[in-house]
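Descriptive analysis of the structure
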Amino acid sequence: MTTMHSDKPTPQSDVTIRAKALLNRFYGYRDFRPGQLDIIKSIMSGRDTLVLMPTGGGKSICYQIPAMLGEGCTIVVSPLISLMKDQVSGLNANGIPAAAINSNNAEIDNQTALREAMRGKIKLLYMSPERLMLEMEHVDFRGWVDLFAIDEAHCISQWGHDFRPEYAALGLIKNRMGKIPVMALTATADKLTRDDIVRQLSLADPYIYISSFDRPNLSLRVMASPPKKQKIAYISRLIDRYPDDSGIVYTLSRKGAETVNAELQLKGYKSIVYHAGLSASERDRAQEMFINGEVQAVCATVAFGMGIDKSNIRWVVHYNMPRNIESYYQEIGRAGRDGLKAETTLFYSYADVATLQSFINESGQQEINSEKLKRMMDYCESQICRRRMLLSYFNEVLDHDCHNCDVCLSPPDRFDGTVPAQMALSAIVRTGEKAGKQMIIDILRGSARAELIKLQYDKLKTYGVGRMISFAEWSEYVSQLIQLGAIDIAYDESNHLKLTTYGQKILKSEVKVMLARPHKEPGEKKSSAKKKKAEPVNPAEKLFSELKSLRKEIATREGIPPYLVFTDKTLMDMVKRRPVTMNEFIQVEGVGERKCVKYWAPFTSLIKNFI
Ligand code: ADP
Ligand code: ZN
């Protein structure tokens, strides 16, 4: 029997003191984040626990600390073998004994790890769900396992956005080993999935912790149908802003990922591609390069990113509209895990909507998925604070504007747009509602392109009436009219535009309509990676950059990703405190005992030299 389920449970206050001591000693963190301690206490009292926290919220510590508090071992179930290594290295770097059992290792090493874990020498043992099921056939987990932690627990639910059949069998854990507590962790918040996790895992009267899903350090931005050139220029500017860090470009298709990647490489950026069409070894290689900070951008389909713990992703761009808000939030959530500022931008267009709708038509659960897509569109077209809207989607109320989204930062400048609206609506009527957005704008602007002439649209009365307004502005106004419900898009008729009753009222001058003036994009600077990297200007930046180089050197030598040596946040704290002795070094946030002993000399001497 282990301490966790002995007859005389440890007093809770004692758990608090011990847990905090471990947090300081092994992680170098001063305090728990909200919820972490309650979750730890719940597990230590032997209760099943469900943890819902956004990506970067700090879920790992919730099972890692209990693992160290108990005498036995914690089994961590994690879906991706390729990423277990990273997590194990991270724990080992902090001096915590951990190992993974999986098919990438030699079988003899797996057996050794299992034996060590049974002898209490390994505190955290990572396994894939299928491996756990296999081991359960012939290994008795009772007596030496204190806790099962199921990471990415939403994979068990068909309601979630990432159902994995191999998770389905995990319900057996509770059925066979009812006394050992189970902790399920996920960043997916919706109630349906949450209830399903509890049911599928047979959690008994679980303690459920739901944290706020707000991630105030992520900026939110949405741009309606920018042309391709502008999208690439935008991404280039992002890379230029964070030349030593990395970001992710998500595209809808493999081909899209390839194209963007080629464009970025052509401009001289260090970019790679990642999608399910690559071989397993190509994918692993790409992932490794990304994790080790060897590339500035990865252009990927949504196949990329689950389980990636890289803490210093500084930006995420959705090159196309995501299929629902859950996926979107999870994908942008991969940025800024270290709590430092990170930028997220979404480009969307009606072509994306049509593509996504066609995926949905071929899938099961059409109704739910169409509804989710609609909510995604509402978000894109929102004229209110985007963070408020996002959080309300997750049933959370933010009672103030965030000042870190595009709507808050440049609130719409509205004007009486009845006249331009009538021009557009009239053009739609005159084409017999048989034209798409681009054609309508071309008619308004009097374009002479062949298809337009062939259809004799140049004979329409509205031809050329909107010449004085740019294409981009028209595009905005038509989008707004769609959003306001004056125009409908017939997705099943090649995205042709139709008038709604409200649109007819505007056309007949029965009502006025207010439109928002489009925002000017900041002047496009020509960007090329080949230009000399800007030298850091102020001393703090210079020190930060030197610390990063030292970190990179150490990481390369040890064969681990730089952020496992120290996170950016820890380096920032070093910049602030400028520790020059060992005693000062251990005060830095994120410096635990092991790393202090190992790294104080090179880092403090760099700082001494710098001062
Ligand atoms: P999640 O698994 O929820 O996505 P992580 O467990 O990877 O998040 O935690 C995100 C980051 O926050 C990590 O760098 C982690 O070390 C850090 N972190 C977690 N808890 C704390 C804490 N109490 N104080 C400071 N940093 C913390
Ligand atoms: Zn806002």
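Described below are features of the structure shown in this document. Residue numbers here run from 1 along each chain, matching the order of that chain's written sequence. In the order they appear in the text, chains get letters beginning with A and ligands get numbers beginning with 1. Thresholds applied to this predicted model are a pLDDT of at least 70 for local features of residues and 80 or more for the giving and counting of side-chain atom pairs; totals over whole chains, interfaces and linings are not thresholded and use all residues. To get the side-chain values, all heavy atoms of the structure are used, and hydrogens and water are removed first.

**Re the overall build of the protein**
- Numbering of helices and strands starts at the N terminus; helices are DSSP runs of H or I of at least 4 residues and strands are runs of E of at least 2. Per the secondary structure count, the protein includes 26 helices and 17 strands.
- Throughout this description, buried means an accessible area under 20% of the type-specific maximum (1.4 Å probe, protein chains only), exposed means over 50%, and partly exposed covers the range between. The burial tally for the protein puts 55% of its 611 residues in the buried class.
- Element-wise, carbon and sulfur atoms account for 53% of the exposed surface of the protein, whose accessible area totals about 27300 Å².
- Here the positive residues are Lys and Arg and the negative ones are Asp and Glu; neither His nor the chain ends is included. Every charge is mapped to an atom, namely NZ of Lys, CZ of Arg, CG of Asp or CD of Glu. Counting 83 positive and 72 negative side-chain charges, the protein places the centres of these two groups 4 Å from one another. Method for areas: the Shrake-Rupley scheme with a 1.4 Å probe, in which residue coverage is limited to the protein chains shown.

**Describing the coordination of the zinc ion (ligand 2)**
- Ligating atoms shown are N, O and S within 2.8 Å of the metal, or 3.2 Å for Na, K and Ca, and water is not included, meaning a site may look less than complete. Each protein donor to the zinc ion (ligand 2) is listed here as Cys-385 (SG), Cys-402 (SG), Cys-405 (SG) and Cys-408 (SG); together their distances run 2.3 to 2.4 Å.
- Irregular is the label for any site that misses the other tests, which are tetrahedral for four donors with all angles between 85 and 135 degrees, and square planar for four donors or octahedral for six when opposite donors exceed 155 degrees and the remaining angles lie between 65 and 115. For the zinc ion (ligand 2), the four donor atoms in the first shell make angles of 102 to 121° at the metal, a pattern classed as tetrahedral.
- Read in sequence order, the donor residues coordinating the zinc ion (ligand 2) give the pattern C-x16-C-x2-C-x2-C. In this pair, Cys-385 sits in the loop between helix H14 (366–380) and helix H15 (386–393) while Cys-405 sits in the loop between H15 and helix H16 (406–409), placing the two residues 20 residues apart along the sequence.
- With relative accessibility at 1%, the residue Cys-405 sits in the buried group.

**Section: the nonpolar core**
- Within the largest apolar cluster, 137 residues are counted, with the highest numbers of intra-cluster contacts made by Leu-125, Leu-132, Phe-141, Phe-148, Leu-170, Met-574 and Phe-603.
- Should any heavy atoms of two residues lie within 4.5 Å, those residues are considered in contact. The contact partners of Leu-132, leaving out residues within four places of it in the chain, are Ile-75, Val-77, Met-127, Phe-141, Phe-148, Leu-170 and Ile-173.
- We define the nonpolar core as a collection of buried residues of types Ala, Val, Leu, Ile, Met, Phe, Trp, Tyr and Cys that are connected through side-chain atoms lying within 4.5 Å of one another. If you look at the next biggest cluster of nonpolar residues, it comprises 35 residues, including Leu-37, Tyr-63, Met-68 and Leu-185.

**Comments concerning the site of ligand 1**
- For each residue, the test is whether any non-hydrogen atom lies within 4 Å of the molecule or strand; if one does, the residue is near. Looking at ligand 1, there are 14 residues lining it, with Tyr-29, Asp-31, Gly-56, Lys-59 and Ser-60 nearest.
- In this structure, an oxygen atom belonging to ligand 1 sits 3.1 Å away from a side-chain N or O atom of Arg-33.
- Burial of ligand 1 by the surrounding chains reaches 85%, relative to a free accessible area of 560 Å². Under this definition, polar contacts are N or O atom pairs within 3.5 Å; protein pairs additionally need one hydrogen-donor-capable and one acceptor-capable atom, and for neighbouring residues in sequence, both atoms have to be side-chain atoms.

**Points about the packing of H14 against H15**
- Geometry is summarised by axes, namely lines fitted to C-alpha atoms with helices restricted to the contacting stretch, and by angles between N-to-C directions that run from 0 to 180 degrees. At their nearest, the axes of H14 and H15 sit 10 Å apart, and the two run at 160° to each other. Considered as vectors, H14 and H15 are oriented roughly antiparallel to each other. Judged by the sense of rotation from one axis to the other, the crossing of H14 with H15 is right-handed. Along the contact surface, H14 presents Lys-372, Arg-375, Asp-378, Tyr-379 and Cys-380, while H15 presents Arg-386, Met-389, Leu-390 and Tyr-393.
- Classification used: nonpolar for Ala, Val, Leu, Ile, Met, Phe, Trp, Tyr, Cys and Pro, charged for Asp, Glu, Lys and Arg, polar for all others including Gly. Class assignment of the residues belonging to the contact of H14 with H15 gives a composition of five nonpolar, no polar and four charged. For this classification, under 35 degrees means roughly parallel, over 145 means roughly antiparallel, 65 to 115 means roughly perpendicular, and everything else is oblique. In this scheme the crossing of two helices becomes right-handed for a clockwise turn of the near helix relative to the far one and left-handed for an anticlockwise turn of less than a right angle.

**A closer look at the packing of aromatic side chains**
- Aromatic contacts are taken between Phe, Tyr and Trp rings whose centres are within 6.5 Å, Trp giving its six-membered ring; a plane angle under 30 degrees counts as stacked, one over 60 as edge-to-face, and the others as tilted. A complete count under the given rule lists 19 aromatic pairs for this structure.
- Ring centres of Phe-585 and Phe-603 lie 6.1 Å apart, and the angle between their planes is 25°; this geometry places the pair in the stacked category. Separated by 18 residues along the polypeptide, Phe-585 in helix H25 (residues 582–585) and Phe-603 in helix H26 (residues 593–610) bring together distant segments of the chain.
- By relative accessible area, Phe-603 is classed as buried at 0%.
- Between Tyr-599 and Phe-603 the ring centres are 6.3 Å apart and the planes differ by 80°, which places this aromatic pair in the edge-to-face class. Note that Tyr-599 and Phe-603 are positioned in helix H26 at a spacing of four residues, about one turn of the helix. A single burial state applies to Tyr-599 and to Phe-603, both of which are buried.
- Aromatic rings pair up to connect Phe-213, Tyr-329, Tyr-393 and Phe-394 into one cluster.
- Here, a charge over a ring means that NZ of Lys or CZ of Arg falls within 6 Å of the ring centre while also lying within 35 degrees of the ring normal. Between Lys-310 and the ring centre of Phe-290, over which it is positioned, the NZ or CZ distance is 5.4 Å.
- The cationic tip of Arg-386 hangs over the ring face of Tyr-379; the distance from NZ or CZ to the ring centre is 5.7 Å.

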